[in-house]
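The lines below spell out each chain.
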Amino acid sequence: MVDFIVIFLHLFSAIIFIGYVFVDAILCYGLKQANELKKAYFKSSGILYALSFVILILSGIYLAYNEYNNFANINKIMFFIKIALVILMLFITFISIYIARFKNNKEHFLVKQAHILALIICFLIVLFAKLLSIL
């Protein structure tokens, strides 16, 4: 029963996280009013977005810890690629926040394209997660 709850939380938080990144990267991309729109929905959803990310990471660690010994060698390789993609996403996030906040450069490529890169990485993570479940 605990595994079911953790899997449910993991999937639900992934939907929230990827949906938020999708809205920001695709729906708000190129809109002239995008900054005002982002400010409006980030005020109400920023905590939910951050909380979903934390739940996603923690539930992923729990699930990986329980299943890692059952993985075949190919699954272990895919698992490490998935972990590397998560680390890459975290790295891009921290670097873009550093550039935007501390260097005060909101026009930098990484700052402007961070959510598009995150969406591509999310797609790859979901792909590898699905491959892990069928192999």
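All residue numbers refer to position in the chain's written sequence, counted from 1. Residue-level local features of this predicted model are given only where pLDDT is at least 70; pairs of side-chain atoms are given and counted only at 80 or more, and the full residue set underlies all totals for whole chains, interfaces and linings. For side-chain calculations, the full set of non-hydrogen atoms in the structure is used, while hydrogens and water are omitted.

Trainee: Looking at this model, I keep getting lost on the overall build of the chain. Mind explaining?
Mentor: For the chain, the helix and strand inventory stands at 4 helices and 0 strands. Projecting the C-alpha coordinates of the chain onto the three principal axes gives extents of approximately 50 × 30 × 25 Å. Residues counted as buried form 30% of the 135 residues belonging to the chain. Taking all contacts inside the chain whose residues are at least 6 apart in sequence as the whole, residues at least 24 apart take part in 70%. We get accessible surface area from the Shrake-Rupley algorithm with a probe of 1.4 Å; when it comes to residues, only the shown protein chains can shield them. Accessible surface, the chain: about 9,500 Å² in total, of which carbon and sulfur atoms supply 74%. Working definition: helices are DSSP H or I runs of at least four residues, strands are E runs of at least two. Numbering for both runs from the N terminus. Only protein chains enter the accessibility calculation, which uses a 1.4 Å probe; a residue is then buried when its area is under 20% of its type maximum, exposed when over 50%, and partly exposed in between. Between two residues, a contact is recorded if the distance between any of their heavy atoms is within 4.5 Å.

Trainee: Is there a simple way to think about the confidence of the model for the chain in this case?
Mentor: Detailed reading of the predicted coordinates is not advisable wherever pLDDT falls low. The predictor's confidence in any single residue is recorded as pLDDT, a number from 0 to 100. When pLDDT is averaged along the chain, the result is 86; 95% of the residues meet or exceed 70. Ranking the elements of the chain by mean pLDDT puts helix α2 (residues 34–67) last with 82 and helix α1 (residues 2–27) first with 90.

Trainee: Would you take a moment to explain a positive patch on the surface for this structure?
Mentor: On the surface, K39, K43, R101 and K106 cluster together to form a positively charged patch. Within the secondary structure, K43 sits in helix α2. Within the patch definition used here, like charges are joined within 9 Å and nonpolar side chains (Val, Leu, Ile, Met, Phe, Trp, Tyr) within 5 Å, considering only residues with over 30% relative accessible area and no salt bridge. Throughout this description, the term salt bridge denotes a Lys or Arg side-chain nitrogen within 4 Å of a carboxyl oxygen of Asp or Glu. The sign given to each residue is positive for Lys and Arg and negative for Asp and Glu; His and the chain ends receive no count. Positions of charges follow a simple convention, taking NZ of Lys, CZ of Arg, CG of Asp or CD of Glu.

Trainee: What's the story with the packing of helix α3 (residues 73–101) against helix α4 (residues 109–134) in this structure? I'm lost.
Mentor: Each pair of packed helices can be described by the angle between their axes along with the distance between the axes. What counts as an axis is a line fitted to C-alpha atoms, over the stretch in contact for a helix, and the angles between N-to-C directions run from 0 to 180 degrees. The N-to-C vectors of α3 and α4 enclose an angle of 165 degrees; their axes lie 10 Å apart at closest approach. Taken as axis vectors, α3 and α4 run roughly antiparallel relative to one another. Regarding α3 and α4, the two cross each other, and that crossing is left-handed. Residue classes follow a fixed rule: Ala, Val, Leu, Ile, Met, Phe, Trp, Tyr, Cys and Pro count as nonpolar, while Asp, Glu, Lys and Arg count as charged, and any other residue, Gly among them, counts as polar. Here the residues of the contact of α3 with α4 sort into 24 nonpolar, 2 polar and 1 charged. Any angle that falls under 35 degrees is termed roughly parallel, while one over 145 is termed roughly antiparallel, one within 65 to 115 roughly perpendicular, and all others oblique. Crossing chirality is assigned from the near helix's rotation relative to the far helix, an anticlockwise turn below a right angle marking it left-handed and a clockwise turn marking it right-handed.

Trainee: Could you clarify how one ought to interpret α3 in this entry?
Mentor: Turn by turn, an α-helix covers 3.6 residues, leaving residues three or four places apart pointing in a common direction. With 29 residues, α3 should cover 42 Å at 1.5 Å per step; its first-to-last C-alpha distance of 42 Å lies within 8% of that length. Taken as a whole, α3 has its buried residues at N75, M78, F79, K82, L85, M89, I92, S96, I99 and A100. Between the first and last residue of a helix there are one fewer steps than residues, each counted as 1.5 Å, and that sum is the expected span.

Trainee: Help me out: how do you make sense of the environment of G46 in this one?
Mentor: For G46, the location among the structural elements is in helix α2. In this structure G46 comes out as buried when scored by relative accessible area, which is 10%. Put simply, G46 and L56 are 10 residues apart on the chain and 15 Å apart in space, counted from C-alpha to C-alpha.

Trainee: Can you help me understand the packing of α1 against α4 in this one?
Mentor: Packing of α1 against α4 leaves a shortest axis separation of 8 Å and a crossing angle of 140 degrees. Considered as vectors, α1 and α4 are oriented oblique to each other. Between α1 and α4 the crossing geometry is left-handed. Across the interface between the two elements, F17, I18, Y20, V21, F22, D24, A25 and I26 from α1 touch H115, I116, A118, L119, C122 and V126 from α4.

Trainee: Is there a simple way to explain α1 in this structure?
Mentor: Between the first and last C-alpha of α1 there are 36 Å, a value that for 26 residues agrees with the 38 Å anticipated at 1.5 Å per step. Of all the residues in α1, the buried ones are V6, H10, S13, A14, F17, Y20, V21, D24 and A25.

Trainee: Even after reading the chapter, I still don't get the pattern of salt bridges, so can you show me in this structure?
Mentor: Opposite charge on two side chains permits them to pair, given that their charged atoms come into close proximity. Counted by the stated rule, this structure contains 1 salt bridge. Between E107 and K112 there is a salt bridge, with its nearest N and O atoms 3.1 Å apart. Taking relative accessible area as the criterion, E107 reaches 57% and is therefore assigned exposed. Residue K112 is classed as partly exposed on the basis of its relative accessible area, which comes to 47%.

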